[in-house]
Amino acid sequence: DGGITQSPKYLFRKEGQNVTLSCEQNLNHDAMYWYRQDPGQGLRLIYYSQIVNDFQKGDIAEGYSVSREKKESFPLTVTSAQKNPTAFYLCASSIMSNQPQHFGDGTRLSIL
Amino acid sequence: GESVGLHLPTLSVQEGDNSIINCAYSNSASDYFIWYKQESGKGPQFIIDIRSNMDKRQGQRVTVLLNKTVKHLSLQIAATQPGDSAVYFCAERSGGSYIPTFGRGTSLIVHP
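Residues numbered from 1 in each chain as written. Chains lettered and ligands numbered in written order. Predicted model: local features only at pLDDT ≥ 70, side-chain atom pairs only at ≥ 80, totals over all residues. Heavy atoms only, no water.

### Regarding the overall build of chain A
What counts here: Strands are runs of DSSP state E lasting at least two residues, helices are runs of H or I lasting at least four, and both sets are numbered from the N terminus onward. We compute the radius of gyration over the C-alpha atoms and compare it with the globule rule, which gives 2.2 Å times the number of residues raised to the power 0.38. Between buried and exposed lies partly exposed: a residue is buried under 20% and exposed over 50% of the maximum accessible area for its type, with that area taken using a 1.4 Å probe on protein chains only. Residue contacts follow a heavy-atom distance rule, with two residues in contact if any of their heavy atoms lie within 4.5 Å. Note on areas: Shrake-Rupley, 1.4 Å probe, and residue coverage restricted to the protein chains presented here. Think of it this way: Lys and Arg go in the positive column, Asp and Glu in the negative one, and His and the chain ends go nowhere. By convention, charge coordinates are those of NZ in Lys, CZ in Arg, CG in Asp, or CD in Glu.
A tally of helices and strands in chain A yields zero helices and eleven strands. On C-alpha atoms alone, chain A measures out to a radius of gyration of 13 Å, which is about the 13 Å that the 2.2 N^0.38 rule sets for 112 residues. By its C-alpha atoms, chain A is 35 × 25 × 25 Å across when sized along the principal axes. Out of the 112 residues belonging to chain A, those deemed buried represent 50%. Look at the contacts in chain A between residues 6 or more apart in sequence, and 52% of them connect residues 24 or more apart. Of the roughly 5,300 Å² of accessible surface on chain A, a fraction of 46% belongs to carbon and sulfur atoms. Here chain A holds 11 positive side-chain charges and 11 negative ones, and the gap between their average locations is 7 Å.

### Concerning the state of the cysteines
Residue and element names in this part refer to chain A. Put simply, the rule reads: In this description, a disulfide is simply a cysteine sulfur pair whose atoms lie within 2.5 Å.
Considering all chains together, one arrives at two disulfides over all chains under this definition. Note on cysteine connectivity: C23 is disulfide-linked to C91, with sulfurs 1.9 Å apart. With the S-S dihedral at roughly -75°, the linkage between C23 and C91 falls on the left-handed side. Linking C23 in strand 3 (residues 19-25) with C91 in strand 9 (residues 87-94), this pair joins segments that are 68 residues apart in sequence.

### Topic: the packing of aromatic side chains
Given two aromatic rings, their pairing is described by the distance between the two centres and the angle made by the two planes. Where we set the bar: Each Phe, Tyr or Trp ring (for Trp, its six-membered ring) is paired with any other whose centre lies within 6.5 Å, and the angle between the two planes then decides the class: stacked below 30 degrees, edge-to-face above 60, tilted in between. By definition, being over a ring means that NZ of Lys or CZ of Arg is both within 6 Å of the ring centre and within 35 degrees of the ring normal.
Summed over the entire model, instances satisfying the criterion amount to nine aromatic pairs over all chains. A ring pair is formed by Y25 of chain B and F33 of chain B, whose centres lie 4.7 Å apart and whose planes are at 50°; its orientation type is tilted. The exposure class of F33 of chain B is buried, given its relative accessible area of 1%. Against the face of F74 of chain A rests R68 of chain A, its NZ or CZ located 6.0 Å from the ring centre.

### Brief notes about the nonpolar core
Generally speaking, soluble globular proteins have nonpolar side chains that are buried together. Condition: Put simply, buried Ala, Val, Leu, Ile, Met, Phe, Trp, Tyr and Cys residues joined by side-chain atoms within 4.5 Å make one nonpolar core.
Within the largest apolar cluster, 20 residues are counted, with the highest numbers of intra-cluster contacts made by L21, W34, I46, L76, V78 and Y89 of chain A. Mapped by element, the contributors of at least two residues to this core are strand 3, strand 4 (31-37), strand 5 (44-51), strand 7 (64-66), strand 8 (76-78) and strand 9 of chain A.

### As for the interface of chain A and chain B
What counts is decided by this rule: Just to be clear on terms, a salt bridge is a Lys or Arg side-chain nitrogen sitting within 4 Å of an Asp or Glu carboxyl oxygen. Side-chain atoms alone can form a polar contact between residues adjacent in sequence; in general such a contact is a pair of N or O atoms within 3.5 Å, and within protein one must be able to donate a hydrogen while the other accepts it. Residues are grouped as follows: Ala, Val, Leu, Ile, Met, Phe, Trp, Tyr, Cys and Pro are nonpolar; Asp, Glu, Lys and Arg are charged; all remaining types, including Gly, are polar.
In this complex, chain A contributes 26 residues to the contact, which on the side of chain B involves 25 residues. Joining chain A to chain B, the criterion identifies zero salt bridges. Across the chain A-chain B interface, the total number found is five residue pairs in polar contact (both at pLDDT 80 or more). When contributions to the side of chain A that touches chain B are tallied by element, the ones reaching two or more residues are strand 4, strand 5 and strand 9 of chain A. At four residues, the largest contribution of residues to the side of chain A that touches chain B is made by strand 4 of chain A. Along the lines of polarity and charge, the residues of the side of chain A that touches chain B split into twelve nonpolar, eleven polar and three charged.

### A word on the sheet that holds strand 7 of chain A
Within a beta sheet, neighbouring strands are joined by backbone hydrogen bonds and run either parallel or antiparallel to one another. All names here are of chain A. Rules: A strand pair is defined by DSSP finding two or more bridges across the two strands. Angles run from 0 to 180 degrees between N-to-C directions of axes, and those axes are lines fitted to C-alpha atoms, restricted for helices to the stretch in contact.
With antiparallel pairing, the four strands of this open sheet are ordered in space as 1-3-8-7. Lying at the two open borders of the sheet, with one neighbouring strand each, are strand 1 (4-7) and strand 7. Neighbour-to-neighbour, the strand axes of this sheet turn through a mean angle of 20°, independent of strand direction. Note: strand 1 against strand 3, four bridges, orientation antiparallel. In the strand pairing of strand 3, T5 is matched with E24.

### Quick notes on the confidence of the model for chain A
Inclusion rule: A residue's pLDDT is simply how confident the predictor is in it, with values from 0 to 100.
Taken residue by residue, chain A gives an average pLDDT of 93. The fraction at 70 or more is 96%. Considering each helix and strand of chain A separately, the mean pLDDT is smallest for strand 2 (residues 10-13) of chain A, with a value of 92, and largest for strand 7 of chain A, with 98.

If you want it as structure tokens, here you go:
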């Protein structure tokens, strides 16, 4: 089945550590996105990429980094500069701007 | 999984009732609207969309109504079932942008 796969489902970070969240899609979508979700809030955009080897900052990019070396992959690194990383992270993709985004099932990141 | 519905507006209904979930938007240039359903511990799932040249669109047991005059969107779920219990988000896009704006969501609780 086509879809978006996020891994791991749960992740723990120690102080001063960088961690990378994986997002893979086999939908042949050009655009991919990373969102952060906190309890009781809407989705906030971290980074997005419309094509391979290109990406743009979203509303809350500080403390995060991404790469888009392949069309199907858009990993997110949560760096030690992100002081409040505990959240639910969602990856999404879309074929074009006037089509809905498809979401993965998220990664829950917690601090040890 | 952990709930994403903490501190959200909540709608409680009895099984078999019709549910109406509302969403207000502020951007008069928005031309594409989407409803998502998010179950606890999972990513948002596409339900239905509507473009600004329409006032109403129906799917299976769901209807979306768009009132551009007052910038209001609603999702109607007929014969609500316990499996409909989830958080429902609206999202809007404007001018061909890839990036939607998400609402905070409404938590729907269906009592058997």
